Amino acid sequence: MIDNIKPKEATSIINSLVSGVVPKIGVQHITVGRSEEINAVIGSLEDVKNGLSLVKFWIGDFGSGKSFMLHLLNTVALKQKFVVANADFTPDNRLYANDGKSVILYSAIMDNIAIQTKPEGGALQTLLEKWIEQVITKTAEENHLSLMEIRNDQYLSLIQNSIIKTVNEITEVGGFDFGSAIVKYYEGYIKGDELLRRNALKWLKGEYTTKTEARHDLGIREIINDSNYYDMLKNFCKLFVSMGYSGFMINLDEAINLYKISVAASREKNYEKILSIYNDCFQGKVANLFINFAGTKEFLENERRGLFSYPALKTRLESNKFETSELRDFAQPVIKLMPLNHNEIFVLLKKLKLIFDFNYKTELNITDEEISLFMEEIFNKPGAAEFLTPREVIRDFLNILNIIRQNPDVDKRILFGEIEIADERPDDLVLLDSIEEL
């Protein structure tokens, strides 16, 4: 039995992995062979807690475990009292745009904000209310009022002034509008005006598309747009730290979608934004911010479309030339994920069998020798060396467990023999290099 696993975590692990995606919770129970990476990240989190900012690039082949790594970072950072947010790049969002696609990315980040008590995301409202309660308590103490008295309408301006003063202290760009939105949230919160509170939250999440609408609903003249969304993320980072959190970790997956942007100028603008964030973090212009990108080797190293096509990034992101598969350097910005070896996969499958039994309350009759036999069959199939990924091995193994659970008399050797290896890598990457750029 796996120690301390909760039924909800077990269900999430099994259902997600069978579907070929990484579970949102419980990844720590299936972590195998990544202890060096995790130890390095724990050290980095300490640095960020102390006021530094970092950017890391997690690079690996399709299905090699990049998304899993980001979820693992999530879990570790939440335990270290970080505010964490995850978002995927898609064709509809990016870091730089002038048609609203950057704000879509910002909104996805704000929607997925998580804290330890809300690890699945949606914690922005909780954080705002916690911060407002801190401001109310502090203002009451400073004015020698009880916590009941300070909530009366006559003291509304006292709280508003405290909110604006604190926000002004922690923000640089866009602080006035940011503070005004939080004041509006407070008014809605204290007066029980659900519409006002919802509108303020809508503003803070970048969901207003016109200034007219924002001015009508909240009296705020500006909105969060493609130009200022990164400043708002930095404002939130400072706000979270002022509340007592260790910092703000943002994990951005599927960076290959930036590589796929067909217009070269637009793609370069996105890489320029990555450079700007990178410089901000490593030159100390922003504190307590930790941004992780996950992408494939093409996204990083392709000289025509990848980050290496942008010379300033290439010089910063080239790997330590003394690094080998045995002598790793986890301090550099780029961390290449090495594939799990067969012993590590065996340990992982044994863990998954235990979690599967726990989830379905079964005791499936499958021995360690049979797990080894399954691995022998799958790794010796034609195409395995070229196309097989940990994701496929795990999915096939869990699918077989599902068959055995529902058909206890099935012949396992026949099931193992029916495994087929297919190339599931997206083929659009091959085609991209042959497309003429706009």
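Here goes a summary of the coordinates provided.

Rules used throughout
Residues numbered from 1 in each chain as written. Predicted model: local features only at pLDDT ≥ 70, side-chain atom pairs only at ≥ 80, totals over all residues. Heavy atoms only, no water. Helix = DSSP H or I, 4+ residues; strand = E, 2+ residues; numbered from the N terminus. Rg over C-alpha atoms; globule rule 2.2 N^0.38 Å. Buried < 20%, exposed > 50% of the residue type's maximum accessible area, 1.4 Å probe, protein only. Contact = heavy atoms within 4.5 Å. Areas by Shrake-Rupley, 256 points an atom, 1.4 Å probe, with all protein chains shown as cover. Lys, Arg positive; Asp, Glu negative; His and termini not counted. Charge placed at Lys NZ, Arg CZ, Asp CG, Glu CD. Salt bridge = Lys/Arg side-chain N within 4 Å of Asp/Glu carboxyl O. Pairing = 2+ DSSP bridges. Axes fitted to C-alpha atoms, helices over the stretch in contact; angles between N-to-C directions. Core = buried A, V, L, I, M, F, W, Y, C linked by side-chain atoms within 4.5 Å. Parallel < 35°, antiparallel > 145°, perpendicular 65-115°, else oblique. Left-handed = near helix turned anticlockwise from the far one by under 90°. Nonpolar A, V, L, I, M, F, W, Y, C, P; charged D, E, K, R; others polar.

1. Points about the overall build of the protein chain
Check the secondary structure of the protein chain and you find 20 helices and five strands. Radius of gyration (C-alpha) of the protein chain: 24 Å, near the 22 Å computed for a compact globule of 438 residues. With respect to the principal axes defined by its C-alpha atoms, the protein chain has extents near 75 × 55 × 40 Å. Evaluated residue by residue, the protein chain yields a buried proportion of 53% over its 438 residues. Put simply, of all contacts in the protein chain between residues at least 6 apart along the chain, 70% involve residues at least 24 apart. Surface exposure of the protein chain reaches about 20,500 Å², of which carbon and sulfur atoms provide 50%. Computed over 51 positive and 64 negative side-chain charges, the separation of the two mean positions in the protein chain equals 4 Å.

2. Details of the pattern of salt bridges
Counted by the stated rule, this structure contains 19 salt bridges. When the shortest N-O distance is used, the salt bridge between Lys211 and Glu222 registers 3.3 Å. Here Lys211, found in helix α9 (residues 211–218), pairs with Glu222, found in the loop between α9 and α10 (229–242); they are 11 residues apart in sequence, far enough to count as distant. Residue classification places Lys211 among the partly exposed positions, given a relative accessible area of 40%.

3. Section: the pairing of strand β2 (residues 83–88)
Most of β2 is tucked away, with five of its six residues classed as buried. Relative to strand β3 (residues 248–253), β2 is paired through six bridges, and the arrangement is parallel. What sits directly across from Val84, in β3, is Met249.

4. Here's the deal with the sheet that holds strand β4 (residues 289–295)
Judged by pairing direction, the sheet is parallel, and its five strands sit side by side in the order β2-β3-β4-β1-β5 without closing on themselves. Each end of this open sheet is capped by a strand with a single partner; those strands are β2 and β5 (334–336). Each neighbouring strand pair of the sheet contributes to a mean axis angle of 15°, computed without reference to strand direction. Strands β1 (54–59), β2, β3 and β4 of the sheet are contacted by helix α3 (residues 66–79), whose axis makes an angle of about 170° with β3. Contacting β2, β3 and β4, α10 runs over the sheet at an angle of about 140° to β3.

5. Side note on the nonpolar core
Residues Phe57, Trp203, Phe248 and Phe299 are the most contacted members of the largest nonpolar core, which totals 84 residues. Contact partners of Phe57, with chain neighbours within four places excluded, come to Ile274, Tyr278, Phe293, Phe299, Leu307, Leu317, Pro333, Val334 and Ile335. Counting residues in hydrophobic clusters, the runner-up holds 59 residues, among them Ile14, Ile371, Leu373 and Leu388.

6. So, the packing of helix α4 (residues 101–111) against α10
Axis separation between α4 and α10 bottoms out at 10 Å; the angle between their running directions is 20°. When the axis of α4 is compared with that of α10, the two are roughly parallel. Crossing hand, α4 versus α10: left-handed. Contacts between α4 and α10 involve Ser102, Tyr106, Ile109 and Met110 on the former and, on the latter, Tyr229, Met232, Leu233 and Phe236. The residue makeup of the contact of α4 with α10, split by class, is seven nonpolar, one polar and no charged.

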